[in-house]
Each structure stands twice: as C-alpha cells, then as structure tokens.
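Understanding the architecture of this molecule
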Amino acid sequence: MKCAICRHGNTVDGRISIVLDKEQTTLVFKDVPAQVCDNCGEEYLSSEINKELLKLANAAIKRGVYLELLKYAA
Ligand SMILES: [Zn+2]
C-alpha cells in the first residue's frame, strides 16, 4: 500500500515494537506485525492487531501490572 504520510514510499511487512502507557501501566509489545513505509518509516497496524493489543492491554491493567514486556503472538 502507498504511504499516507509521505505519499512516496510503499509499505512493506515488518515487525515493530509498541509501547502503550495507560494509567499506571506500561506495556511493551515486541514483534508486532505491521506495515512499515520504506521511505519515511511510518508504521501501520491492522485494525485486528490494534484490537488485540488493546484487549491484552486492558487485561494487564486489570491484573494491576506496572510494567510488562509482551511478545505479540497472533
Ligand atoms: Zn512514508
């Protein structure tokens, strides 16, 4: 897909790290599949993965996690 930010690059499959900060909880997701622009590096997450990350984040917040490193597994 064409990058919506720089309008020059094309996105390619990649793996990224995402940090989510919510209230007292900091979550770091490693190896999240994403589309990454080969020109400007902008990262695009699919809506399913976005949803999945939010679900994991909410579960961690309920457990009272302060800091957690998670490996994303589809
Ligand atoms: Zn771009």
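For clarity, every value in this text was computed on a predicted model and none was experimentally measured. (Residues numbered from 1 in each chain as written. Predicted model: local features only at pLDDT ≥ 70, side-chain atom pairs only at ≥ 80, totals over all residues. Heavy atoms only, no water.)

Some thoughts on the overall build of the chain
For the chain, the helix and strand inventory stands at one helix and four strands. Mapped from its N terminus to its C terminus, the chain presents α and β elements in the order β-β-β-α-β. The principal-axis extents of the C-alpha atoms in the chain amount to approximately 45 × 20 × 15 Å. Scored against the burial criterion, the 74 residues of the chain give a buried share of 28%. At a minimum sequence separation of 6, the contacts of the chain that also span at least 24 residues come to 54%. (Helix = DSSP H or I, 4+ residues; strand = E, 2+ residues; numbered from the N terminus. Buried < 20%, exposed > 50% of the residue type's maximum accessible area, 1.4 Å probe, protein only. Contact = heavy atoms within 4.5 Å.)

Focus on the coordination of the zinc ion
All of the protein donors around the zinc ion are C3 (SG), C6 (SG), C37 (SG) and C40 (SG); their distances to the metal are 2.3 Å. Coordination at the zinc ion is tetrahedral, judged from the four donor atoms that bind it and the angles of 106 to 115 degrees they form at the metal. Counting residues between consecutive donors of the zinc ion along the chain gives the motif C-x2-C-x30-C-x2-C. Of this pair, C6 sits in the segment before strand 1 (11–22) while C40 sits in the loop between strand 2 (25–37) and strand 3 (43–44), placing them 34 residues apart in sequence. (Donors = N, O, S within 2.8 Å, 3.2 Å for Na, K, Ca; no water. Tetrahedral: all angles 85-135°; square planar, octahedral: opposite > 155°, others 65-115°.)

Some remarks on the pairing of strand 4 (residues 67–71)
Of all five residues in strand 4, zero are buried, a share of ten percent or less. Note that strand 2 and strand 4 share five bridges and pair parallel. The residue bridging L27 from the neighbouring strand is E68, located in strand 4. (Pairing = 2+ DSSP bridges.)

Points about the confidence of the model for the chain
Summing up the model confidence of the chain, the mean pLDDT is 94 and the portion of residues at 70 or higher is 99%. When pLDDT is averaged over each element of the chain, strand 3 comes out on top at 97 and strand 4 at the bottom at 92. (pLDDT = per-residue confidence, 0-100.)

A closer look at the environment of L67
Along the polypeptide, L67 turns up in strand 4. For the pair formed by L67 and I5, sequence separation is 62 residues and the distance between their alpha carbons is 31 Å.

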